[in-house]
Amino acid sequence: MGLPDAAVFERAGLAAWPGIEVEWDGHWVRRASGGYTKRANSVQCLDPADDGDVDARIAAAVAWFASRDLPPVFRMTPLAGPDLSAALDRLGWRTIDASHQFAMVLAPVEADPRGRIFALRDPAWLAIQQQLSGYDNDRQARLEALLAAMQVDACGVALFDAAGVPVASALMAIADGIVVAGNVVTAADQRRKGYAAAMMATGHAWAHAAGARFAALNVQADNVGAQALYRRLGYTRQYDYHYRLPGAQ
C-alpha cells in the first residue's frame, strides 16, 4: 500500500489540527487559534498553481492576522507556489523552524498495557498534558480552545510507569483515514526509557481499530532524537516544510 501525497496529508492535517477561525482565499487558507502553535495560526497554500496576485494576497493575510492581534505567518509546504516564495523573499520575510512530515502505513499493533486512552477533553488527560508540557494556565487554555474546535474522531493517550505516574502523552486525531499525532511529550526525566514508543503504540492501536490506515506527524528538523524514535516505529520522511515571518533573517 502506497502512502498518500502531500495534498492528502496537508488536508488531513487541517482537520486533525484545526483552526478556530478559518478563511479561504482561493486555495490559500488562513487559520487563527488564539496563537496556540504556528501551525494553527498561519496561512498556507494547498495548490502550487494558485500563486497569482501574491503581493496583494500577502498584504490581505497580514491585515487579517493583525486584526486578530496575531503575527502573520506562512506555512510553506511543497504545495506553496514558486511566486509566493519569491514574493516573501522580496519582502524580506525570514525562514524559521525547518521541519519534516513523517508518515507510515498503519499496521495492526498491540496497545501497551501501561497505556490508556482518554476522551479528547477529559480533565484527567488535559491535566497530564499540562503537567508534562509545563504549560501555564494561559497556554493550557489556548490548547483547550483548539481542542474544542476539533470535529474529527480524536482521543488523548497517556502512558504510566509502574508507580502509576504519567510519563508520556499525545493527542491522536483521525482525518481521511490518517491518524495524526500531536503534542507528543515525555517527562523530561523519563526520556530514553521506551515510554514514548509504548505510548505511541497505544495510540496507533486505538487508531487502527477506529479505521485509520495511515499515520502521520510533524517533527522539527533539528529534533534528531524524535526522528530516530519515529523511524524505529516505522515512519519515513515524506517532505519538508518551514515557516516564514516578516523581519530580517
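That block above? That's the structure.
Residues numbered from 1 in each chain as written. Predicted model: local features only at pLDDT ≥ 70, side-chain atom pairs only at ≥ 80, totals over all residues. Heavy atoms only, no water.

Brief notes about unusual backbone geometry
Although it is not a glycine, Asp 97 sits at a positive phi angle of roughly 50°. Relative to the assigned elements, Asp 97 resides in strand E5 (residues 94-105). Overall, Asp 97 belongs to the partly exposed group, its relative accessible area being 25%. The phi angle at Arg 192 is positive, at roughly 65°, despite the residue not being glycine. Given the relative accessible area of 85%, Arg 192 is considered exposed. (Helix = DSSP H or I, 4+ residues; strand = E, 2+ residues; numbered from the N terminus. Buried < 20%, exposed > 50% of the residue type's maximum accessible area, 1.4 Å probe, protein only.)

Some points on the side chain of Asn 41
Its location among the elements puts Asn 41 in the loop between strand E2 (28-32) and strand E3 (43-45). Within the structure, the side chain of Asn 41 is placed 2.9 Å from the backbone nitrogen of Gly 35, a separation counted as a polar contact. Residues contacting Asn 41, with those up to four places away along its chain left out, are Arg 31, Ala 32, Ser 33, Gly 34, Gly 35, Tyr 36, Phe 65, Leu 70 and Val 73. (Polar contact = N/O pair within 3.5 Å; in protein donor to acceptor, adjacent residues only side chain to side chain. Contact = heavy atoms within 4.5 Å.)

Focus: the packing of aromatic side chains
Any two aromatic rings considered together are summarised by their centre-to-centre distance and by the angle between their planes. Enumeration according to the criterion identifies seven aromatic pairs in this entry. Measuring from ring centre to ring centre gives 6.1 Å for Trp 17 and Tyr 36, while their planes differ by 40°; the resulting arrangement is tilted. With Trp 17 in the loop between helix H1 (6-16) and strand E1 (21-25) and Tyr 36 in the loop between E2 and E3, the pair connects residues that are 19 residues apart, well separated along the chain. One exposure class covers both Trp 17 and Tyr 36, and it is buried. Summarising the aromatic geometry, the rings of Tyr 241 and Tyr 243 are spaced 5.9 Å apart at their centres and angled 80° between planes, so their arrangement reads as edge-to-face. Taken together through their ring pairs, the aromatic side chains of Trp 17, Tyr 36 and Tyr 135 make up a single cluster. Positioned above the aromatic ring of Trp 64 is the side chain of Arg 68, whose terminal nitrogen or guanidinium carbon lies 3.9 Å from the ring centre. (Phe/Tyr/Trp six-rings, centres within 6.5 Å; stacked < 30°, edge-to-face > 60°. Lys NZ or Arg CZ within 6 Å of the ring centre and 35° of its normal.)

Brief notes about the packing of helix H2 (residues 54-66) against helix H3 (residues 82-90)
Closest axis-to-axis distance for the H2/H3 pair is 10 Å, and the angle between their directions is 70°. Here H2 is positioned roughly perpendicular relative to H3, judged by the angle of their axes. Relative to H3, H2 is oriented so that their crossing is right-handed. Residues Val 54, Asp 55 and Ile 58 of H2 pack against Asp 83, Leu 84, Ala 87, Leu 88 and Arg 90 of H3. When its residues are assigned to classes, the contact of H2 with H3 shows five nonpolar, no polar and three charged. (Axes fitted to C-alpha atoms, helices over the stretch in contact; angles between N-to-C directions. Parallel < 35°, antiparallel > 145°, perpendicular 65-115°, else oblique. Left-handed = near helix turned anticlockwise from the far one by under 90°. Nonpolar A, V, L, I, M, F, W, Y, C, P; charged D, E, K, R; others polar.)

As for the environment of Phe 160
Examined against the element boundaries, Phe 160 turns out to sit in strand E7 (residues 153-160). Setting aside anything within four residues of it in sequence, one finds Phe 160 in contact with Arg 114, Arg 116, Phe 118, Ile 128, Val 165, Pro 166 and Val 167.

What to know about the pairing of strand E9 (residues 178-186)
Within E9, eight of the nine residues are buried, leaving the element largely enclosed by the surrounding structure. Across seven bridges, the pairing between strand E8 (residues 166-175) and E9 is antiparallel. Its bridge partner lying in E9, Met 172 is registered against Ala 181. Hairpin connection, E8 to E9: the antiparallel pair is bridged by two residues, and Asp 176 has positive phi, about 55°. Inspection of the sheet shows E9 paired to strand E10 (residues 214-220) by three bridges, in the parallel sense. (Pairing = 2+ DSSP bridges.)

Points about the layout of surface pockets
Volume-wise, the largest pocket comes out at about 1,200 Å³. Lining the largest pocket are 38 residues, with Val 184, Asn 218, Asn 223, Ala 226 and Tyr 230 positioned closest to its centre. For the lining of the largest pocket, the secondary structure elements donating two or more residues are E5, helix H4 (123-133), E9, helix H6 (195-209), E10, helix H7 (224-233) and strand E11 (236-245). A breakdown of the residues in the lining of the largest pocket according to their chemical character gives 17 nonpolar, 13 polar and eight charged. (1 Å grid on protein atoms, 1.4 Å probe; cavity = no way out; pocket = protein on both sides within 12 Å on 5 of 7 lines; lining within 4 Å. Points joined across faces, edges and corners; volume = space filled by probe spheres on them.)

Looking at the packing of H4 against helix H5 (residues 137-148)
Running from N to C, H4 and H5 cross one another at 135°; their axes reach a closest spacing of 11 Å. It follows that H4 is oblique to H5 by the angle criterion. Of the two elements, H4 crosses H5, and the hand of that crossing is right-handed. Listed contacts from H5 to Trp 125, Leu 126, Gln 129 and Gln 130 of H4 are Asn 137, Gln 140, Leu 143, Glu 144 and Leu 147.

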